[in-house]
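So you can see what is in the structure, the chains are spelled out below.
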Amino acid sequence: MGIENRRVTFKSDGRALVGQLRLPDGFAENQQYPSVIVVGPGSSVKEQAGGFYAEKLAAKGYLTLVFDPSFQGESEGFPRDTEDPAARVEDIRCAVDFLVTLPFVDEEAIGLLGICAGGGYAINAALIERRFKAVGTVVANDLGSAWRRSQPQASAVEDTLAAVAKQRTLEARGGSEKRLDWLPSPAEAKSAGIKDPSLLNAIDYYATPRGHHDRRTNRRLFVSDALLIGYDAFHLVGELLVQPLQVIVGGQLGTTFSHEAGRGLWERARNRRDFVVIDGADHYDMYDVPEYVDEAVAYLASLYDDHLRPGTGRKS
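From a predicted model like this one, the values you see are computed outputs, not experimental measurements. Counting of residues starts from 1 at the beginning of each chain's written sequence and follows it residue by residue. Per-residue local features are limited, in this predicted model, to residues with pLDDT of at least 70; the limit for side-chain atom pairs, both in listing and counting, is 80 or more; totals at the level of whole chains, interfaces and linings are taken over all residues. Note: side-chain values were computed over all heavy atoms of the structure, leaving out hydrogens and water.

Trainee: Explanation requested: helix 10 (residues 258–268) in the structure shown.
Mentor: Because each turn of an α-helix spans 3.6 residues, side chains separated by three or four positions end up pointing in the same direction. Burial classes follow relative accessibility: with a 1.4 Å probe on protein chains only, a residue under 20% of its type's maximum area counts as buried, one over 50% as exposed, and anything between as partly exposed. Only DSSP runs of H or I reaching four residues or more are called helices, and only runs of E reaching two or more are called strands; each is numbered from the N terminus. Looking only at helix 10, the buried set comprises Ser 258, His 259, Ala 261, Gly 262, Leu 265 and Trp 266. The buried residues of helix 10 occupy an angular sector of 165 degrees when projected down its axis, which confines them to one face. The arc refers to the directions leading from the helix axis to the C-beta atoms.

Trainee: I keep staring at unusual backbone geometry and nothing clicks. Help me out?
Mentor: A negative phi angle characterises most non-glycine residues, just as the trans form characterises most peptide bonds. Residue Pro 79 is bonded to the preceding Phe 78 through a cis peptide linkage, with omega at 0 degrees. With respect to the helices, strands and loops of the structure, Pro 79 is situated in the loop between strand 4 (63–67) and helix 2 (85–99). The backbone of Ser 43 sits at a positive phi, close to 75 degrees, despite the residue not being glycine. When its relative accessible area of 8% is taken as the criterion, Ser 43 is described as buried. The backbone of Cys 116 shows a phi angle near 55 degrees, a positive value even though the residue is not glycine. As for its placement among the helices and strands, Cys 116 is situated in the loop between strand 5 (105–115) and helix 3 (117–126). Residue Cys 116 is classed as buried on the basis of its relative accessible area, which comes to 11%.

Trainee: Explain the packing of helix 1 (residues 49–58) against helix 12 (residues 290–308) here, please?
Mentor: Any two packed helices are characterised by the angle at which their axes cross and by the distance between the axes. Orientation is described by lines fitted to C-alpha atoms, with helices fitted over the stretch in contact, and by angles between N-to-C directions that extend from 0 to 180 degrees. Close contact between helix 1 and helix 12 brings their axes to 10 Å; oriented N to C, the two are set at 55 degrees. In terms of their interaxial angle, helix 1 and helix 12 are classed as oblique. In this structure, helix 1 meets helix 12 at a crossing whose hand is right-handed. Within the contact between the two elements, helix 1 uses Phe 52, Tyr 53, Lys 56 and Leu 57 and helix 12 uses Val 293, Asp 294, Ala 296, Val 297, Leu 300 and Tyr 304. Each angle gets one of four labels, with under 35 degrees taken as roughly parallel, over 145 as roughly antiparallel, 65 to 115 as roughly perpendicular, and the rest as oblique. With the far helix as reference, a near helix turned anticlockwise by less than a right angle produces a left-handed crossing, and one turned clockwise produces a right-handed crossing. Whether two residues touch is decided by their heavy atoms; if any such pair falls within 4.5 Å, the residues are in contact.

Trainee: What is the right way to read the pattern of salt bridges from this model?
Mentor: Close approach of charged atoms allows side chains with opposite charge to pair. We define a salt bridge as a side-chain nitrogen of Lys or Arg found within 4 Å of a carboxyl oxygen belonging to Asp or Glu. Across all of its chains, the model carries 25 salt bridges by this definition. Asp 181 is the partner of Arg 219 in a salt bridge, and the nearest nitrogen-oxygen pair spans 2.6 Å. Highlighted residues: Arg 219 in strand 8 (residues 219–221) and Asp 181 in strand 7 (residues 179–181), separated in sequence by 38 residues. Owing to a relative accessible area of 32%, Arg 219 belongs among the partly exposed residues under this scheme. A residue is classified by how much of its surface remains accessible, and Asp 181, at 37% relative accessible area, is partly exposed. Here the salt bridges do not stand alone but share partners, grouping Arg 7, Lys 46, Glu 47, Asp 68, Glu 74 and Arg 215 into one network.

Trainee: Even after reading the chapter, I still don't get the environment of Ala 28, so can you show me in this structure?
Mentor: Within the secondary structure, Ala 28 sits in the loop between strand 2 (15–23) and strand 3 (33–39). When its relative accessible area of 18% is taken as the criterion, Ala 28 is described as buried. Put simply, Ala 28 and Asp 142 are 114 residues apart on the chain and 38 Å apart in space, counted from C-alpha to C-alpha.

Trainee: How should I be thinking about the packing of aromatic side chains in this particular structure?
Mentor: Geometry of an aromatic ring pair is reported as the spacing of the ring centres plus the angle between the planes. Put simply, two rings from Phe, Tyr or Trp (the six-membered ring, in Trp's case) pair if the centres are within 6.5 Å, and we call them stacked under 30 degrees between planes, edge-to-face over 60, tilted for the rest. Per the counting criterion, the structure on display carries 11 aromatic pairs. When the ring of Tyr 205 is compared with that of Tyr 287, the centres are 5.2 Å apart and the planes differ by 85 degrees; the resulting orientation is edge-to-face. Taken as a pair, Tyr 205 in helix 7 (residues 197–207) and Tyr 287 in helix 11 (residues 285–288) lie far apart in primary sequence, 82 residues in all. With relative accessibility at 1%, the residue Tyr 287 sits in the buried group. The interplanar angle of 70 degrees and the centroid separation of 5.2 Å between the aromatic rings of Tyr 284 and Tyr 287 together place this pair among those described as edge-to-face.

Trainee: In this structure, what is going on with the sheet that holds strand 1 (residues 4–12)? I would like to understand it.
Mentor: Two strands in a sheet stick together by hydrogen bonds in their backbones, pointing the same way (parallel) or opposite ways (antiparallel). Only strands joined by at least two bridges in the DSSP assignment are considered to pair. Taking strand neighbours across the sheet as the criterion, the 8 strands line up as 1-2-4-3-5-6-9-10 in an open arrangement whose pairing is mixed. Lying at the two open borders of the sheet, with one neighbouring strand each, are strand 1 and strand 10 (272–278). Geometrically, the sheet is characterised by an average inter-axis angle of 20 degrees between neighbouring strands, direction not taken into account. Bridge analysis of strand 2 against strand 4 gives 4 bridges, and the strand direction is antiparallel.

Trainee: Which parts of the structure should I look at to understand the confidence of the model for the protein chain?
Mentor: When pLDDT is low, close inspection of the predicted coordinates is not appropriate. Averaged over every residue, the pLDDT of the protein chain is 95; the share at 70 or more is 98%. Scored from 0 to 100, pLDDT records how confident the predictor is in each individual residue. Every residue in residues 312–316 is under pLDDT 50, and counting partners more than four places away or in other chains gives 13 contacts.

See the structure below:
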């Protein structure tokens, strides 16, 4: 039979979110399965890195759900291209609400996986969502901290907040919305003389047939930047994250700071499982390079096997 990929919809704060529910080989409606919700990188859609991991975990016997977040991809929400951490976290909790309505989902065996910024959102959701029994991250990042840290000028945060204030006033008076690109195009990167290997790898993933998808707009609503600046995904990890945690990072340090963020996350967690370094991998290699992803998935499957189906006779 193979893996079945079902298009599904569910609601988050009144918005219809569109997802892909993958059912493992040999799926039977009258049995219950362990499941994993996969949260993809910021600005990505369900057909990109999140879908890649969802497919590989389904091949390990897990029912998986990956979805477009509110305001992006096929999901509803206006203004489009909003990147709102609070909405992203609520989307994840509503994904659990959806799963527990399905008779073939074992509600006591739901795991969570977050990739890149989705790792930060996943951790933030898990702090208050006890229906998750195990949490894995791949190149997890706190988007707020990464954004603040990556600014070239000391005044950048205050300058951005002041600019967002002006933009909100303009829009409140009927002015047009403003959007920015997440990444430059390959031509723009070449023209600007960009040499940063990690940034070039990101552009290669998102802007070429390697990982491009037409529903990823590469646009960010400018007023979202204030929400990102004020966001801290990990600040209550030591107090509230109780689930077994596995952190996977790439071995190459880069300008995304995800290696350092992952180490900090793992050190703050109370229920640490593994801190896994995938030798040779850049941050964006962990999105789709088979040898690195397969190694990560093997570790993730071990985590989920131990905590979502630990010899209880659940369907594998």
